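Listed below, chain by chain, are the residues.
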Amino acid sequence: MNRKPIFAANWKMNMGASATEDFLKSFLSKLLGQSFPAEIVIAPPFVSLAKLTEVLHSSGASNEAQSIQIAAQNCSEHDAGAYTGEVSVLMLREFLVHYVILGHSERRAIYGETDAVINAKIHKAREANLKPIFCIGETLAQREAGHLETVLRTQITEGLNNVSDKDMAEIVVAYEPVWAIGTGVTASSQQAQDAHALVRSVIAELYGQDTAAKIRIQYGGSVKPANAAELMACPDIDGALIGGAALEPQSFLEIIRNGCSNQPS
Ligand code: PGA
């Protein structure tokens, strides 16, 4: 199965509008004339979405600029109304957002998002035709206690509750072991491949082999230029969700380049 890899920069709470503009100027100049057999996505904070949209889609924007897709880092599960501090999917659509990261471990751990809330957000995102990047992953304690499979199975089953086959075709899964996020410790390619194969098999049980074979599963957790090629060479790894190493244009580009080095162009 030939799945197009997807490399997404998750900037978290970094990069205001002016830093976003500086990053893009540099990134686009480095990207000039190059094309990769991959999707490139940037997820800035909400307040930088306008700048990102302006630079990538203004008249006269280069082909390289137009090829970059925009993601949000979160969305509300509600449509509109008295939800102070929240941002709706329709507001995101106005900024030409295509993807939305949902279920990130920081949202789960720091903001208490449950599988049920994440499920509601996935449904809301699909109503607005946004593509969820649905994050799952175990903590070190869960892995060491032998609960990897149960944790991933629960997150997948509950997070995707009542998600149709049709919507499933628009979802990207990001497997991010919590112990590897922002720690500099990457899962070995064998650990990552094993977890990805498990995720794909659970999706096959729920949605059938065909959907499971098509769905893209990104790896996330301390991805860097130095480990991207090895991780992306694994048969079930279809790209990366990158935090710290995507804050620098050169490093983000090198991850994409190295990650694509084993892909047919
Ligand atoms: P990291 O973050 O690359 O800094 O480990 C990844 C993520 O949280 O998506």
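Just above, that's the structure.
Each residue is numbered by its place in its chain's sequence as written, counting from 1. Only residues with pLDDT of 70 or above have their local features reported here, since the model is predicted, and side-chain atom pairs are shown and tallied only from 80 upward, although totals for entire chains, interfaces and linings are computed over all residues. The basis for every side-chain value is the complete set of non-hydrogen atoms in the structure, without hydrogens or water.

Caption draft 1: Expanded view of the site of the ligand. Note on definitions. A residue lies near a molecule or strand when any single heavy atom of the residue is within 4 Å of it. Residues in contact with the ligand amount to 13 residues; listed here are only the nearest, Lys 12, His 104, Glu 176, Gly 182 and Ser 222. In the analysis that follows, any N or O atom pair within 3.5 Å is treated as a polar contact, provided that within protein one partner can donate a hydrogen and the other can accept it, and provided that, for residues neighboring in sequence, both atoms belong to side chains. At 3.5 Å, a side-chain N or O of Asn 10 approaches an oxygen atom of the ligand. Take Glu 176: an N or O atom from its side chain is 2.6 Å from an oxygen atom of the ligand. Values of accessible area rely on a 1.4 Å probe in the Shrake-Rupley scheme; residue burial ignores everything except the protein chains shown. Considered on its own, the ligand offers 280 Å² of accessible surface; in the complex 95% of this is hidden by protein.

Caption draft 2: Spotlight on the pairing of strand β4 (residues 99–102). Only protein chains enter the accessibility calculation, which uses a 1.4 Å probe; a residue whose area is less than 20% of its type maximum is buried, one above 50% is exposed, and one in between is partly exposed. Secondary structure elements follow DSSP: runs of H or I no shorter than four residues count as helices, runs of E no shorter than two count as strands, and numbering proceeds from the N terminus. In β4, alternate side chains face the same way, and those of Tyr 99 and Ile 101 on one face and Val 100 and Leu 102 on the other are all buried. Where strand β3 (residues 68–72) and β4 come together, two bridges link them in parallel fashion. Of the residues in β4, the one forming a bridge with Ala 71 is Tyr 99. Orient the strands so they point away from the viewer; a crossover is then right-handed if the path from the first strand over the helix to the second runs clockwise. Handedness of the crossover joining β3 and β4 through helix α4 (residues 89–94) is recorded here as right-handed. The pairing of β4 with strand β5 (residues 131–136) spans four bridges and is classified as parallel. Directly across from Ile 101, in β5, lies its bridge partner Ile 133. Pairing between two strands is assigned when DSSP locates at least 2 bridges connecting them.

Caption draft 3: Region of interest: the packing of aromatic side chains. What counts as a ring pair is set by centres within 6.5 Å for rings of Phe, Tyr and Trp (its six-membered ring), and what kind of pair is set by the plane angle: stacked under 30 degrees, edge-to-face over 60, tilted for all other angles. Taken as a whole, this structure holds four aromatic pairs when the rule is applied. Note on Trp 11 and Phe 23: the rings are 4.8 Å apart at their centroids and 70° apart in plane angle, and the pair reads as edge-to-face. Residue Trp 11 is found in the loop between β1 (6–10) and α1 (17–31), and its partner Phe 23 is found in helix α1; the two are separated by twelve residues along the sequence. With a relative accessible area of 0%, Trp 11 lands in the buried category.

Caption draft 4: Layout of the packing of helix α8 (residues 148–159) against helix α10 (residues 189–207). Every axis corresponds to a line fitted to the C-alpha atoms, with the helix fit spanning only the stretch in contact, and the corresponding angles, defined between N-to-C directions, vary from 0 to 180 degrees. Direction vectors running N to C along α8 and α10 enclose 45°, while the axes themselves pass 10 Å from each other. One finds that α8 runs oblique with respect to α10. Judged by the sense of rotation from one axis to the other, the crossing of α8 with α10 is right-handed. For the pair formed by α8 and α10, the contact residues are Leu 148, Glu 149, Leu 152, Arg 153, Ile 156 and Thr 157 on the first element and Ala 195, Leu 198, Val 199, Val 202, Ile 203, Glu 205 and Leu 206 on the second. Gly falls in the polar group here, along with every residue not listed as nonpolar (Ala, Val, Leu, Ile, Met, Phe, Trp, Tyr, Cys, Pro) or charged (Asp, Glu, Lys, Arg). Grouping the constituent residues of the contact of α8 with α10 by class yields nine nonpolar, one polar and three charged. Each angle receives one of four descriptions, namely roughly parallel if under 35 degrees, roughly antiparallel if over 145, roughly perpendicular if within 65 to 115, and oblique otherwise. In this scheme, a crossing is called left-handed if the near helix is turned counterclockwise away from the far one by less than a right angle; it is called right-handed if the turn is clockwise. Here a residue-residue contact requires only that any non-hydrogen atoms of the pair lie within 4.5 Å.

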